[in-house]
Amino acid sequence: MTEQRRKVSLTGIKPTGEKADPATGGSMHFGNYLGAVRPALALVERFDSLYFIADYHALTTQRDPEALRDNVYDLTAGWMACGLDPQQTLLYRQSDVIEVFELTWILACITATGQLERGHAYKDAQSKRDSPNAGIFNYPLLMAADILLYDCDVVPIGADQKQHLELARDLAIRLNHLYGDGTVVVPEPLLSEAPVVPGHDGRKMSKSYGNTIPLFAPEKALRKHFMKFTSDSTPLEEPKQAEGALVYELYKVVASEDQARAMVDKLAAGGYGWGHAKQDLFDAVNAQLAPLRERYLELRADEPALDRVLADGAERARVIAQRTIGRVRAAVGID
Ligand code: ADP
Ligand code: TRP
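Residues numbered from 1 in each chain as written. Chains lettered and ligands numbered in written order. Predicted model: local features only at pLDDT ≥ 70, side-chain atom pairs only at ≥ 80, totals over all residues. Heavy atoms only, no water.

**Focus: the overall build of the protein**
Summing up its helical and strand segments, the protein has 13 helices and five strands in all. Taking 335 residues into account, the globule formula puts the C-alpha radius of gyration at 20 Å, and the protein, at 22 Å, falls close to it. Its C-alpha atoms give the protein principal-axis dimensions of roughly 75 × 50 × 40 Å. Here the protein holds 335 residues, and 47% of them are scored as buried. As displayed, the protein has an accessible area near 16,600 Å², and 52% of this comes from carbon and sulfur atoms. Mean positive and mean negative side-chain charge positions of the protein (38 and 46 charges, respectively) differ by 2 Å. (Helix = DSSP H or I, 4+ residues; strand = E, 2+ residues; numbered from the N terminus. Rg over C-alpha atoms; globule rule 2.2 N^0.38 Å. Buried < 20%, exposed > 50% of the residue type's maximum accessible area, 1.4 Å probe, protein only. Areas by Shrake-Rupley, 256 points an atom, 1.4 Å probe, with all protein chains shown as cover. Lys, Arg positive; Asp, Glu negative; His and termini not counted. Charge placed at Lys NZ, Arg CZ, Asp CG, Glu CD.)

**Brief notes about the site of ligand 1**
The environment of ligand 1 is made up of His29, Gly31, Asn32, Gly35, Ala36, Pro195, Val196, Val197, Lys204, Met205, Ser206 and Lys207. Between ligand 1 and His29 there is a distance of 2.7 Å, counted from an oxygen atom to a side-chain nitrogen or oxygen. Met205 has a polar backbone atom sitting 2.9 Å from a nitrogen atom of ligand 1. Relative to its unbound accessible area of 540 Å², ligand 1 is 72% covered by the protein chains. Tallied by class, residues from the shell around ligand 1 come to five nonpolar, five polar and two charged. (Near = heavy atom within 4 Å. Polar contact = N/O pair within 3.5 Å; in protein donor to acceptor, adjacent residues only side chain to side chain. Nonpolar A, V, L, I, M, F, W, Y, C, P; charged D, E, K, R; others polar.)

**Comments concerning unusual backbone geometry**
Even without being glycine, Asp151 reaches a positive phi, approximately 50°. Mapped onto the elements, Asp151 comes out in the loop between helix H7 (134-148) and strand S4 (154-157).

**A few points about the site of ligand 2**
Taken together, 13 residues lie around ligand 2, and Gly12, Tyr139, Met143, Asp146 and Gln161 are the ones closest in. In the environment of ligand 2, a nitrogen atom lies 2.7 Å from a nitrogen or oxygen atom belonging to the side chain of Tyr139. The side chain of Gln161 places a nitrogen or oxygen atom 2.9 Å from a nitrogen atom of ligand 2. Contact with the protein chains covers 89% of the free accessible surface of ligand 2, which is 370 Å². When residues of the shell around ligand 2 are traced back to their parent elements, those giving at least two are strand S1 (8-13) and H7. The dominant element in the shell around ligand 2, judged by the number of residues it contributes, is H7, at four residues. Per-class residue counts for the shell around ligand 2 are seven nonpolar, four polar and two charged.

**Quick word on the domain arrangement of the protein**
The assigned domain composition of the protein is domain 1 (8-197 + 303-332) and domain 2 (217-294). Between the C-alpha centres of domain 1 and domain 2 the distance comes to 35 Å. Taken together, the eleven residues of domain 1 in the interface contact ten residues of domain 2. In this assembly, domain 1 packs against domain 2 so that about 780 Å² is buried in total across both faces, 72% of it on carbon and sulfur atoms. Taken together, domain 1 and domain 2 are joined by zero salt bridges. Between domain 1 and domain 2 we count zero residue pairs in polar contact (both at pLDDT 80 or more) in total. (Domains from an automatic or database assignment. Contact = heavy atoms within 4.5 Å. Buried area = accessible area lost by both parts, 1.4 Å probe. Salt bridge = Lys/Arg side-chain N within 4 Å of Asp/Glu carboxyl O.)

**Considering the layout of surface pockets**
One simple way to see leftover space: roll a probe sized like a water molecule over the atoms. The space that makes up the second largest pocket amounts to roughly 310 Å³. Residue lining of the second largest pocket: 15 residues in total, with Glu18, Ala20, Ser27, Lys207 and Thr212 positioned closest to the centre. Considered class by class, the residues forming the lining of the second largest pocket number three nonpolar, eight polar and four charged. (1 Å grid on protein atoms, 1.4 Å probe; cavity = no way out; pocket = protein on both sides within 12 Å on 5 of 7 lines; lining within 4 Å. Points joined across faces, edges and corners; volume = space filled by probe spheres on them.)

**Examining a nonpolar patch on the surface**
Taken together, Tyr56, Leu59, Ile98 and Phe101 make up a surface patch of nonpolar side chains, about 360 Å² in accessible area. Within the secondary structure, Tyr56 is located in helix H2 (residues 55-58). Residue Tyr56 is classed as partly exposed on the basis of its relative accessible area of 33%. (Patch = residues over 30% accessible without salt bridge, like charges linked within 9 Å, V, L, I, M, F, W, Y side chains within 5 Å.)

**Digging into the packing of aromatic side chains**
Applying the stated criterion to the full structure yields nine aromatic pairs. Measuring from ring centre to ring centre gives 5.9 Å for Tyr51 and Trp79, while their planes differ by 70°; the resulting arrangement is edge-to-face. Here the residue Tyr51 occupies a position in strand S2 (residues 48-53), and Trp79 occupies one in helix H3 (residues 65-81), the gap between them amounting to 28 residues. Taking relative accessible area as the criterion, Tyr51 reaches 0% and is therefore assigned buried. Look at Trp79 and you get buried, because its relative accessible area is 4%. (Phe/Tyr/Trp six-rings, centres within 6.5 Å; stacked < 30°, edge-to-face > 60°.)

**As for the pattern of salt bridges**
Overall, the coordinates contain 21 salt bridges when judged by the stated rule. Between Asp74 and Arg300 there is a salt bridge; the shortest N-O distance is 3.2 Å. Note that Asp74 is positioned in helix H3 and Arg300 in helix H12 (residues 274-300), a separation of 226 residues in sequence. The pair Asp74 / Arg300 is uniform in exposure class, with both members buried. With a closest N to O distance of 3.6 Å, Glu188 and Arg169 form a salt bridge. Here Arg169 lies in helix H8 (residues 162-179) and Glu188 lies in strand S5 (residues 188-191), a separation of 19 residues in the sequence. On the basis of relative accessibility, which here comes to 25%, the residue Arg169 falls in the partly exposed class.

Written out as structure tokens, the structure is:
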């Protein structure tokens, strides 16, 4: 009996944003960690996983070469510090596998422009400026190629990426219909159930709102960030409602069930203020992040070692990519 192939999971991580200083906590934020990194790393037990740094995607908005280069290192070190083991997960940089552009073109030739015109990200960009660049227009095609190039079965994504994944699926089905079943694997989305992490102001924690908490911020700065969370002004001695309060909602995500229940009880009993709750929240977060922070600083300080990790990943990724592109080229008649 032939052994069944383990399912493959693939996802892309965009190295966007300004150049971030490792000493103040790097470019990843606490929302990224709870919303994307932790859930993605939980999947590596169940799937053969491929995680890549989507630097060509970042180029649709990034104009600072130094920041782009720097962010690639930062994410490589950051994900590894959070527990990504490059022996277990294939970690690579998108731009190291240029076969992705061959597939992008082949996919472009079977995509109706109308489908790209309906893209949420493109329409959003259009509403903000007159003429978004063609990279933004073609972004979903490059993303579809990222996915189909690696024969992956599932793509863990947040709700904002659903439409992109639908296009990738559509194109896979169309390619197989035109050129024969098995030309590419049709991927399934794996929709994230991770919570949306709020910032101190109650809005989604996001670089675009300037309310992020750098994931590897030094302890003192981290504490300051958590102390900034808004809360109501119920006096210290009065009972307080945990449900719906920002500090408690976040505590629930990071603490154990017992710890969360204890906070509910303490708030309900009175004599325990939001300042205490914030301190408990900070303690819980800091206990989890302190070892990651240490590891991040070590990894981030050794760029040649990070280069080696990415070079090794690129080599292994290219083997898969070349196999797929060979099959697709032959199918379309370019061989
Ligand atoms: P930002 O909004 O700060 O620019 P990104 O778009 O770079 O963040 O997000 C990278 C990943 O982290 C995405 O998968 C996204 O869904 C996730 N993410 C970002 N912010 C949050 C948040 N506040 N809560 C949960 N997940 C988040
Ligand atoms: N578009 C994704 C984002 O904005 C990043 C990405 C690029 C991606 N290629 C991908 C995600 C392939 C999943 C699969 O976050």
